[in-house]
Amino acid sequence: MNPPQVSNRDRIAVVGAGYFAAHHLEAWRACGAEVVGLCDIDLQRGESLAARFGILNTSTDAAQMFDDVRPALVDVALPPAAQRDVVMAALERRIPTICQKPFGRDWAEATAMTEAATRLRTPLVVHENFRFTPWFRECRRLIDAGHFGRLHGASFRLRPGDGQGPDAYLNRQPYFQTMPQLLVRETAVHFIDTFRYLLGEVRAVTARLRRLNPVIAGEDAALIVFDFDDDRTALFDGNRLNDHAAHDPRRTMGEMWLEGEAGVLRLDGDARLWWKAHGQPEQLHTYIGGDAGSAKGAFGGAVTALQAHVLAHLRAGTALENAAADYLSNLRVQAAIYHSHASGVRVVMADFDPSGP
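The rules behind each value
- Residues numbered from 1 in each chain as written.
- Predicted model: local features only at pLDDT ≥ 70, side-chain atom pairs only at ≥ 80, totals over all residues.
- Heavy atoms only, no water.
- Helix = DSSP H or I, 4+ residues; strand = E, 2+ residues; numbered from the N terminus.
- Contact = heavy atoms within 4.5 Å.
- Areas by Shrake-Rupley, 256 points an atom, 1.4 Å probe, with all protein chains shown as cover.
- Lys, Arg positive; Asp, Glu negative; His and termini not counted.
- Charge placed at Lys NZ, Arg CZ, Asp CG, Glu CD.
- Phe/Tyr/Trp six-rings, centres within 6.5 Å; stacked < 30°, edge-to-face > 60°.
- Buried < 20%, exposed > 50% of the residue type's maximum accessible area, 1.4 Å probe, protein only.
- Lys NZ or Arg CZ within 6 Å of the ring centre and 35° of its normal.
- pLDDT = per-residue confidence, 0-100.
- Pairing = 2+ DSSP bridges.
- Axes fitted to C-alpha atoms, helices over the stretch in contact; angles between N-to-C directions.
- Parallel < 35°, antiparallel > 145°, perpendicular 65-115°, else oblique.
- Left-handed = near helix turned anticlockwise from the far one by under 90°.
- Nonpolar A, V, L, I, M, F, W, Y, C, P; charged D, E, K, R; others polar.
- Core = buried A, V, L, I, M, F, W, Y, C linked by side-chain atoms within 4.5 Å.
- Expected span 1.5 Å × (residues − 1).
- Bend = angle between axes of the 7 residues up to and from the residue.

A.B. asks: Would you mind showing me how to read the overall build of the protein chain here?
C.D. replies: Secondary structure summary: the protein chain contains 10 helices and 15 strands in total. The principal-axis extent of the C-alpha atoms belonging to the protein chain is close to 60 × 50 × 40 Å. Residue pairs at least 24 apart in sequence account for 66% of intrachain contacts in the protein chain once pairs closer than 6 positions are excluded. Taken as a whole, the protein chain presents about 15700 Å² of accessible surface, with 50% of it coming from carbon and sulfur. Of the side chains in the protein chain, 38 bear a positive and 43 a negative charge, and the two mean positions are spaced by 1 Å.

Shown next as structure tokens:
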């Protein structure tokens, strides 16, 4: 299949040449988009990555690059501390922007960027891609088709197995070791968004967090109970020390059970879905993307799917998921989880102010 024809609306500028930026660049290539500039404060690192992907323009100054190459879309693949100035520079030029998560250093910074996008009437999307994995898209399709009957619960057991010992995370994202908030802010937020995608808006949370690896600053284990409408609940049980049965423990990051009155759908570590109708044997449920060889790129092609989704919005005006204004709901729940752990109480979202003390 040939990639879609490149148009001026597909001219991308990427800011950041760290670990995950390569996944973004691979995804832009798969989308048929043209990356016209790459910026990183480390010029040598930026030039090395640019050469790998055939990008002609490199820079250490994002704002200047925007003026030089005039992209149709900016992709900010930077850690939170470096995001705000770059995002604001893109928005001030009315350039639609995708920003990596975690989104901003704190609630105030995330809301400031979101308010700027609203004021300037320029799309700002958070690069929250787990909901775009083929397995969660299939779960949503089955829910919409009434496959479960009344859906009443979900549980996800996160076990990527990459957080043990003194060298945990150093080969990929070393800043993980010094983040004061790690598991919820960096990883469980994916599942806040996934649970919202599958079950609706979160009404309350109860959380217990732990630090199992003493070499890191933040938490690396969590038990979180989510409450939703219609008496639905979800459980996130995660730690980054242990692994799970999978050819690649980071493909799905763990295992999930989605339960309804008609039966249970189970996601295993190899991205297979298993359906057990009530009172019947469990059977493999085949779906597009369920074959490990059929989905290319990180997390079953989710990075490509998200970026293609944003391009489709810019090309044809299709509905947009994970716009920053909606993504703030994830950050409110994230803040409530930390508050629940600190206070030892169940937090009702209707009563919670993330900007409070």
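A.B. asks: What's the story with the packing of aromatic side chains in this structure? I'm lost.
C.D. replies: The geometry of an aromatic ring pair is captured by two quantities: the separation of the ring centres and the angle between the planes. Following the criterion strictly, the structure yields 10 aromatic pairs and no others. Where Phe-130 meets Phe-191, the ring centres are 5.5 Å apart and the plane angle is 85°; that geometry is what we call edge-to-face. Pair noted here: Phe-130 is in the loop between β6 (124-127) and α6 (134-144) and Phe-191 is in helix α7 (residues 183-199), with a separation of 61 residues, a long-range link. Comparing Phe-130 with Phe-191, the two get one shared label, buried. An aromatic cluster is present here, built from Phe-130, Phe-156, Phe-191 and Phe-236 joined pairwise through their rings. Lying over the aromatic face of Phe-132, Arg-137 brings its terminal NZ or CZ to 4.4 Å of the ring centre.

A.B. asks: What is the right way to look at the confidence of the model for the protein chain in this model?
C.D. replies: It should be kept in mind that the predicted coordinates are not to be read in detail where pLDDT is low. Taken as a whole, the protein chain shows an average pLDDT of 94; of its residues, 95% reach a score of 70 or greater. Taken as a whole, residues 1-6 scores under 50 in pLDDT and shows 7 contacts with residues more than four places along the chain or in a different chain.

A.B. asks: Just to check I follow, could you spell out the sheet that holds strand β10 (residues 233-239) for this structure?
C.D. replies: Strand pairing within a sheet occurs via backbone hydrogen bonds; the two strands may be parallel or antiparallel. Spatial strand order, β14-β13-β12-β11-β7-β10-β9-β8-β15: 9 strands in an open sheet with mixed pairing. Of all strands in the sheet, those with a lone pairing partner are β14 (283-285) and β15 (347-348), marking the two edges. Pairing geometry for strand β7 (residues 151-158) and strand β11 (residues 254-260), over 7 bridges, is antiparallel. When the sheet's bridge partners are listed, Arg-157 is paired in β11 with Glu-255. The sheet strands contacting helix α10 (residues 324-343) are β8 (204-210), β9 (221-227) and β15, and the helix crosses β8 at an angle near 60°.

A.B. asks: Mind showing me how you'd approach the pairing of β7 here?
C.D. replies: Moving residue by residue along a regular strand, the side chains alternate between the two faces of the sheet. Where β7 lies against β10, 6 bridges are found, and the strand directions are parallel. The residue of β10 that forms the bridge with Leu-158 is Gly-238.

A.B. asks: Quick question: what am I supposed to make of unusual backbone geometry here?
C.D. replies: Glycine aside, the phi torsion of most residues is negative, and most peptide linkages are trans. The step from Lys-101 to Pro-102 runs through a cis peptide bond, and the omega angle for that step is -5°. Backbone geometry places Arg-70, a non-glycine residue, at a positive phi of 50°. Phi is positive for Ala-271, which is not a glycine, with a value near 70°. Here Ala-271 shows up in the loop between β12 (263-267) and β13 (273-277).

A.B. asks: Please explain the packing of helix α5 (residues 107-119) against α10 as it appears in this structure.
C.D. replies: For any two helices packed against each other, the geometry is given by the interaxial angle and the distance between the axes. Close contact between α5 and α10 brings their axes to 10 Å; oriented N to C, the two are set at 165°. The angle between the axes of α5 and α10 places the two elements in the roughly antiparallel class. Judged by the twist between their axes, the crossing of α5 over α10 is left-handed. Residues Trp-107, Ala-110, Thr-111 and Thr-114 of α5 pack against Ala-324, Ala-325, Leu-328, Leu-331 and Arg-332 of α10. Grouping the amino acids of the contact of α5 with α10 by side-chain chemistry returns 6 nonpolar, 2 polar and 1 charged.

A.B. asks: Looking at this structure, how should I read the sheet that holds strand β5 (residues 97-100)?
C.D. replies: Here 6 strands make up an open sheet; going across it, the order is β3-β2-β1-β4-β5-β6 and the pairing parallel. Each of the sheet's edge strands pairs with one partner strand only, and the pair in question is β3 (58-59) and β6. The sheet contact formed by strand β1 (residues 11-15) and strand β4 (residues 73-76) spans 4 bridges and is parallel. In the strand pairing of β4, Ala-13 is matched with Val-74.

A.B. asks: How do you make sense of the environment of Ala-342 when you look at a structure like this?
C.D. replies: Within the fold, Ala-342 resides in helix α10. Given a relative accessible area of 67%, Ala-342 falls into the exposed group. It is 22 Å that separates the C-alpha atoms of Ala-342 and Glu-109, two residues lying 233 residues apart in sequence.

A.B. asks: Just checking my understanding: could you explain the nonpolar core for this structure?
C.D. replies: Counting 106 residues, the largest nonpolar core has Phe-66, Phe-103, Phe-226, Phe-236 and Ile-337 as the members making the most contacts within it. Top contributing element to this core by residue count: α7, with 10 residues. Beyond its immediate sequence surroundings of up to four residues, Phe-236 is in contact with Phe-156, Leu-158, Leu-183, Ala-188, Phe-191, Phe-195, Ala-222, Leu-223, Ile-224 and Phe-226. Of all hydrophobic cores here, the second largest spans 6 residues; its members include Phe-176, Met-179, Leu-182 and Ile-216.

A.B. asks: Would you take a moment to explain α10 for this structure?
C.D. replies: Three- or four-residue spacings in an α-helix give side chains the same orientation, since the helix completes a turn every 3.6 residues. With 20 residues, α10 extends 28 Å between its outermost C-alpha atoms, agreeing within 8% with the 28 Å of an ideal straight helix rising 1.5 Å per residue. Where α10 is concerned, the buried positions are Ala-324, Tyr-327, Leu-328, Asn-330, Leu-331, Val-333, Gln-334, Ala-336, Ile-337, Tyr-338 and Ser-340. On its buried side, α10 packs onto α5, β6, α7, β8, β9 and β15. Remark: Gly-344 follows α10 within two positions and exhibits a positive phi of approximately 75°.

A.B. asks: Which parts of the structure should I look at to understand the environment of Asp-167?
C.D. replies: Within the element layout of this structure, Asp-167 appears in the loop between β7 and α7. In this structure the C-alpha to C-alpha distance between Asp-167 and Gln-177, which are 10 residues apart in sequence, comes to 9.1 Å.

A.B. asks: Help me understand α7, please; the structure alone is not making it clear to me.
C.D. replies: Largest kink in α7: about 45°, centred on Val-189. Of the residues one or two after α7, Gly-200 is the one with positive phi, at around 105°.

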